[in-house]
Amino acid sequence: MKSRLPACSPRRVHYMGAMLSRFRSRPKRTDRLHEGLRLYAIGDIHGRRDLLDALLGQIDADLEGWSGDSEIIFLGDYVDRGNASAAVLDRLAEGPPKGRRWTLLKGNHESILAHLVSGRPRENESLYPSWLRHGGRETLASYGLPAALAFGDDEAAALGALREVMPRTHLELLESFELMRREGDYLFVHAGIRPGVPVEEQRQRDLIWIREAFLEHKGDHGFHVVHGHSITRDVDTQANRTGIDTGAYATGRLTAMVLEGDSRRFLST
C-alpha cells in the first residue's frame with residue numbers, strides 16, 4: 001500500500017511547489033493573425049443601415065495609410081428587428097470597394113428568412129409566427145409592404161407579396177452566406193460551436209443557434225472564437241472566445257473587433 005505524505009511534511013511542500021511552478025511556467029497561447037493582414041469582424045446589424053454605414057466609415061478611416069491586406073467578416077443577423085433590413089441587404093449586395101474583401105456569414109435570422117421566401121416545405125408550422133415576433137414584421141415593412149400585410153397574420157399573402165418585391169440580388173445573397181471562417185488562430189461564426197466537436201463536423205444548427213453549451217464552456221477550443229448572436233451590454237471577452245453582439249438595433253452600438261498580428265481592439269458606433 002502506498003503511504004500518504006503528511007499534510008505539512010517538507011516533502012509534500014516541495015512536491016506542491018514543484019507542481020505549481022510547472023503549472024505557472026506553461027506559456028499562455030497568444031492568438032494571432034499572419035503578418036500583413038488587418039481583419040475587422042462586425043457584429044449583428046439587425047436592420048440598422050444607419051449604424052452599418054457609420055461603422056464602415058470608421059473602418060475606412062482606420063485603414064487610411066494601411067498598406068497591407070484587409071478583410072471584413074460580417075457575423076450574420078443582418079435583418080429583422082431594426083427598420084431598414086431591405087436597405088442593409090442592398091448595401092451588402094453592393095459588395096466591398098475595389099481592392100477590399102468581405103466575407104458574409106449566415107445568422108439564424110437569415111436562415112429563417114431564406115426558408116420563408118424560398119417557398120420550400122417546412123416542418124415547423126410555427127416558424128412564421130415566431131419570425132414575426134422576433135423582428136419579421138419590421139422586415140416586411142422595410143420592403144414597403146402595406147401595414148395590413150406587414151402587421152397582420154395572413155402568412156400566405158404577406159410572403160407572396162414579399163417574394164414579388166424582394167430583388168433577385170437579395171434572394172441570391174440569402175443563399176450565398178458562409179457558415180464559418182477560419183483565419184490564423186481565430187474562428188469566426190455567428191453563434192458559436194459545439195464544444196468537443198471537430199470544426200469539420202459542426203452542425204449548421206449549432207453554428208447559427210447555440211447558446212449556453214458554448215457560452216458556458218471555459219475550455220480551450222484550439223482557436224479563439226469570435227461570434228455574435230448573444231447580446232451583451234459590452235464586448236464579452238473570454239479566454240476562449242469574444243462576443244461582439246452589443247444589441248445594435250436597441251442600443252445604437254454596432255461593434256467591430258479589429259485584429260492585427262497579436263493585437264485586438266474595437267470600433268463602435
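For the structure itself, look to the data block above.
Description of the structure in this document. (Residues numbered from 1 in each chain as written. Predicted model: local features only at pLDDT ≥ 70, side-chain atom pairs only at ≥ 80, totals over all residues. Heavy atoms only, no water.)

Quick word on the sheet that holds strand S9 (residues 255-260)
Argument step 1. On the basis of which strands lie adjacent, the open sheet formed by five strands has the order S3-S2-S1-S9-S10 and mixed pairing. The open sheet has two free edges, formed respectively by strand S3 (102-104) and strand S10 (263-268), since each of these has just one partner strand. Across this sheet, the average inter-strand angle for adjacent strands is 20°, counted without regard to direction.
Argument step 2. Where strand S1 (residues 37-42) meets strand S2 (residues 69-74), six bridges bridge the pair, whose relative direction is parallel. Paired with Ala41 across the two strands is Ile73, which belongs to S2. (Pairing = 2+ DSSP bridges. Helix = DSSP H or I, 4+ residues; strand = E, 2+ residues; numbered from the N terminus. Axes fitted to C-alpha atoms, helices over the stretch in contact; angles between N-to-C directions.)

Concerning the environment of Leu63
Argument step 1. Mapped onto the secondary structure, Leu63 falls in the loop between helix H2 (49-62) and S2.
Argument step 2. Sequence-distant contacts of Leu63, that is, excluding residues within four places in its chain, are made with Arg38, Tyr40, Ser70 and Arg100. (Contact = heavy atoms within 4.5 Å.)

Some words on the side chain of His170
Argument step 1. Relative to the elements of secondary structure, His170 occurs in helix H8 (residues 168-174).
Argument step 2. There is a polar contact of 2.7 Å between the side chain of His170 and the side chain of Asp90.
Argument step 3. Discounting chain neighbours no more than four positions away, the residues touching His170 are Ala86, Leu89, Asp90 and Tyr143. (Polar contact = N/O pair within 3.5 Å; in protein donor to acceptor, adjacent residues only side chain to side chain.)

Description of the environment of Asp50
Argument step 1. Summarising the element assignment, Asp50 is placed in helix H2.
Argument step 2. A C-alpha to C-alpha distance of 8.5 Å links Asp50 and Ala84, two positions 34 residues apart in sequence.
Argument step 3. Of note is the side chain of Asp50, whose polar atom sits 2.9 Å from the side chain of Arg48.

A closer look at the pairing of S2
Argument step 1. Among the six residues that make up S2, five are buried, leaving the element largely enclosed by the rest of the structure.
Argument step 2. You can see the chain leave S1, run along H2 and come back into S2, and the turn it takes is right-handed.
Argument step 3. Sheet topology note: the S2/S3 ladder contains three bridges and is parallel. Across the sheet, Phe74 pairs through a bridge with Leu104, a residue of S3.
Argument step 4. Each parallel crossover has a hand, and for S2 linked through helix H3 (residues 85-94) to S3 it is right-handed. (Buried < 20%, exposed > 50% of the residue type's maximum accessible area, 1.4 Å probe, protein only. Right-handed = clockwise from strand over helix to strand, strands pointing away.)

Quick word on the pattern of salt bridges
Argument step 1. Summed over the entire model, instances satisfying the criterion amount to 19 salt bridges.
Argument step 2. The closest approach of N and O atoms between Arg264 and Asp31, which form a salt bridge, is 2.8 Å. Here the residue Arg264 occupies a position in strand S10, and Asp31 occupies one in the loop between helix H1 (10-25) and S1, the gap between them amounting to 233 residues.
Argument step 3. The partner of Asp50 in a salt bridge is Arg48, and the shortest N-O contact between them spans 2.9 Å.
Argument step 4. On the accessibility criterion, Asp50 (43% relative accessible area) is partly exposed.
Argument step 5. The buried category is assigned to Arg48, whose relative accessible area is 18%.
Argument step 6. A single network of salt bridges, built from pairs that share partners, joins Asp69, Glu71, Arg101, Arg181 and Glu183. (Salt bridge = Lys/Arg side-chain N within 4 Å of Asp/Glu carboxyl O.)

Here's the deal with the sheet that holds strand S7 (residues 236-237)
Two strands in a sheet stick together by hydrogen bonds in their backbones, pointing the same way (parallel) or opposite ways (antiparallel).
Argument step 1. As summarised here, the arrangement of the five strands in space is S4-S5-S6-S8-S7, forming an open sheet in which the pairing is mixed. At either margin of the open sheet sits one strand with a lone partner, and together these are strand S4 (180-183) and S7.

Quick word on the packing of H2 against H3
Argument step 1. Close contact between H2 and H3 brings their axes to 8 Å; oriented N to C, the two are set at 35°. Taking contact as the criterion, the partners of Arg49, Leu52, Asp53 and Leu56 in H2 are, on H3, Ala87, Val88, Asp90, Arg91 and Leu92.
Argument step 2. Its residues assigned to classes, the contact of H2 with H3 comprises five nonpolar, no polar and four charged. (Nonpolar A, V, L, I, M, F, W, Y, C, P; charged D, E, K, R; others polar.)

Section: the nonpolar core
Argument step 1. Core analysis: the biggest nonpolar cluster contains 45 residues, and Ile42, Phe74, Tyr78, Leu92, Trp131 and Leu140 have the highest contact counts within it.
Argument step 2. In contact with Phe74, not counting residues within four places along its chain, are Ile42, Ile45, Leu52, Leu56, Leu92, Trp102, Thr103, Leu104 and Leu105.
Argument step 3. Among the nonpolar cores identified, the runner-up in size contains 13 residues, and Leu75, Tyr186, Phe188 and Val226 belong to it. (Core = buried A, V, L, I, M, F, W, Y, C linked by side-chain atoms within 4.5 Å.)

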